[in-house]
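Remarks on the overall topology
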Amino acid sequence: DVKVTQSSRYLVKRTGEKVFLECVQDMDHENMFWYRQDPGLGLRLIYFSYDVKMKEKGDIPEGYSVSREKKERFSLILESASTNQTSMYLCASSLTSGGAGDTQYFGPGTRLTVL
Amino acid sequence: GQSLEQPSEVTAVEGAIVQINCTYQTSGFYGLSWYQQHDGGAPTFLSYNGLDGLEETGRFSSFLSRSDSYGYLLLQELQMKDSASYFCATYNQAGTALIFGKGTTLSVSS
């Protein structure tokens, strides 16, 4: 079974703090993704990566950056957290790059609250 | 850009059949996927349609009509455990990442 793990289930941070959300997958997947999920808005793509050290912006990259130094690990960084970044953050991975129909496997999510 | 429209809520009773529709607008098209998410859980893959027609997996079926830019998820013999959010999704223009609809919350009552 594919396993995608995220470093924290719940996180509380202060406005202006630098926040790191970590994601690890154990199935040697090429692609990794970060989404945020908000009520009524569904899942919105923040960033994704199709290879080590490669990254692509999604639909809402503003205020975020990412890092992929190793194939299994994809980090989401909030350089200076703001209250409008309070959300559920979901990491996902998929096997291949550009594979239409390729299943995405999601982690359990990190609920981030910025005070 | 890509956009997907689906109803926000659907209610049904146990044993019934329910259909969740999804219409999409895309610059390129790589098929339509469906994901299920229980409250507090992670989204999990249900089905994928790359070509027109019906795909059946047990009680769940998914349909695609590319000419109509339309698909649906059909859930039969509904059970209480089917109460969840259901998302349709399609790939971005480059075919490298899934873009999701806003989700349909299905409530199944006894």
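As a starting point, this report considers the structure included with it. Since the structure is predicted, the reported quantities are computational estimates derived from the model, not experimental observations.

Quick look at the side chain of Gln 37 of chain A
- Tracing the backbone through its elements, the reader meets Gln 37 of chain A in strand β4 (residues 31-38).
- On the basis of relative accessibility, which here comes to 16%, the residue Gln 37 of chain A falls in the buried class.

Let's talk about unusual backbone geometry
- You will see that Asp 28 of chain A, though not glycine, has its phi angle at about 60°, which is positive.
- Structurally, the position occupied by Asp 28 of chain A is in the loop between β3 (19-25) and β4.
- If you check the backbone angles, Glu 77 of chain B has positive phi at about 45° while not being a glycine.
- Mapped onto the elements of the fold, Glu 77 of chain B is located in the loop between β8 (70-75) and β9 (84-91).

Some points on the interface of chain A and chain B
- Of the residues lining the interface, 23 residues belong to chain A; the matching set on chain B comes to 19 residues.
- Between chain A and chain B, the buried area comes to about 1600 Å², and carbon and sulfur atoms account for 59% of it.
- Counting across the interface, chain A meets chain B through zero salt bridges.
- If you look at where chain A meets chain B, you find five residue pairs in polar contact (both at pLDDT 80 or more).
- Breaking the side of chain A that touches chain B down by element, the ones donating at least two residues are β4 and β5 (42-49) of chain A.
- Among the residues making up the side of chain A that touches chain B, the classes are represented as 10 nonpolar, 10 polar and three charged.

Side note on the pattern of salt bridges
- Per the stated rule, a full pass over the model turns up eight salt bridges over all chains.
- Across the pair Asp 38 of chain A and Arg 36 of chain A runs a salt bridge whose closest N-O atoms are separated by 2.8 Å.
- Salt-bridge contacts for Asp 82 of chain B lead to Arg 59 of chain B; the nearest nitrogen and oxygen are separated by 2.7 Å. Of this pair, Asp 82 of chain B sits in the loop between β8 and β9 while Arg 59 of chain B sits in the loop between β6 (53-57) and β7 (60-65), and the two are 23 residues apart along the sequence. The residues Asp 82 of chain B and Arg 59 of chain B share a single accessibility class, namely buried.
- When salt bridges that share partners are traced, they join Asp 28, Glu 30 and Lys 71 of chain A into one network.

Some details on the sheet that holds strand β3 (residues 18-25) of chain B
Residue and element names in this part refer to chain B.
- If you walk across this open sheet you meet the five strands as β1-β3-β8-β7-β6, and the pairing is antiparallel. The open sheet has two free edges, formed respectively by β1 (3-5) and β6, since each of these has just one partner strand. Each neighbouring strand pair of the sheet contributes to a mean axis angle of 20°, computed without reference to strand direction.
- Where β7 meets β8, six bridges bridge the pair, whose relative direction is antiparallel. Note on β8: the bridge partner recorded for Ser 61 is Leu 74.

Describing the state of the cysteines
- If you walk through the whole model with that rule in mind, you get two disulfides over all chains.
- What pairs with Cys 23 of chain A in a disulfide is Cys 91 of chain A, and their sulfur atoms sit 1.9 Å apart. Disulfide Cys 23 of chain A to Cys 91 of chain A: torsion about the S-S bond roughly -75°, handedness left-handed. Of this pair, Cys 23 of chain A sits in strand β3 while Cys 91 of chain A sits in strand β9 (residues 87-94), and the two are 68 residues apart along the sequence. When sorted by exposure, Cys 23 of chain A lands in the same class as Cys 91 of chain A, which is buried.
- Shown here is the disulfide that connects Cys 22 of chain B with Cys 88 of chain B, its sulfur atoms set 2.1 Å apart. A torsion of 75° about the S-S bond marks the disulfide between Cys 22 of chain B and Cys 88 of chain B as right-handed. On the criterion of sequence distance, the pair formed by Cys 22 of chain B in strand β3 and Cys 88 of chain B in strand β9 is long-range, its members being 66 residues apart. With respect to class, Cys 22 of chain B is no different from Cys 88 of chain B; both count as buried.

Conventions used here
- Residues numbered from 1 in each chain as written.
- Chains lettered and ligands numbered in written order.
- Predicted model: local features only at pLDDT ≥ 70, side-chain atom pairs only at ≥ 80, totals over all residues.
- Heavy atoms only, no water.
- Helix = DSSP H or I, 4+ residues; strand = E, 2+ residues; numbered from the N terminus.
- Buried < 20%, exposed > 50% of the residue type's maximum accessible area, 1.4 Å probe, protein only.
- Contact = heavy atoms within 4.5 Å.
- Buried area = accessible area lost by both parts, 1.4 Å probe.
- Salt bridge = Lys/Arg side-chain N within 4 Å of Asp/Glu carboxyl O.
- Polar contact = N/O pair within 3.5 Å; in protein donor to acceptor, adjacent residues only side chain to side chain.
- Nonpolar A, V, L, I, M, F, W, Y, C, P; charged D, E, K, R; others polar.
- Pairing = 2+ DSSP bridges.
- Axes fitted to C-alpha atoms, helices over the stretch in contact; angles between N-to-C directions.
- Disulfide = S-S within 2.5 Å.

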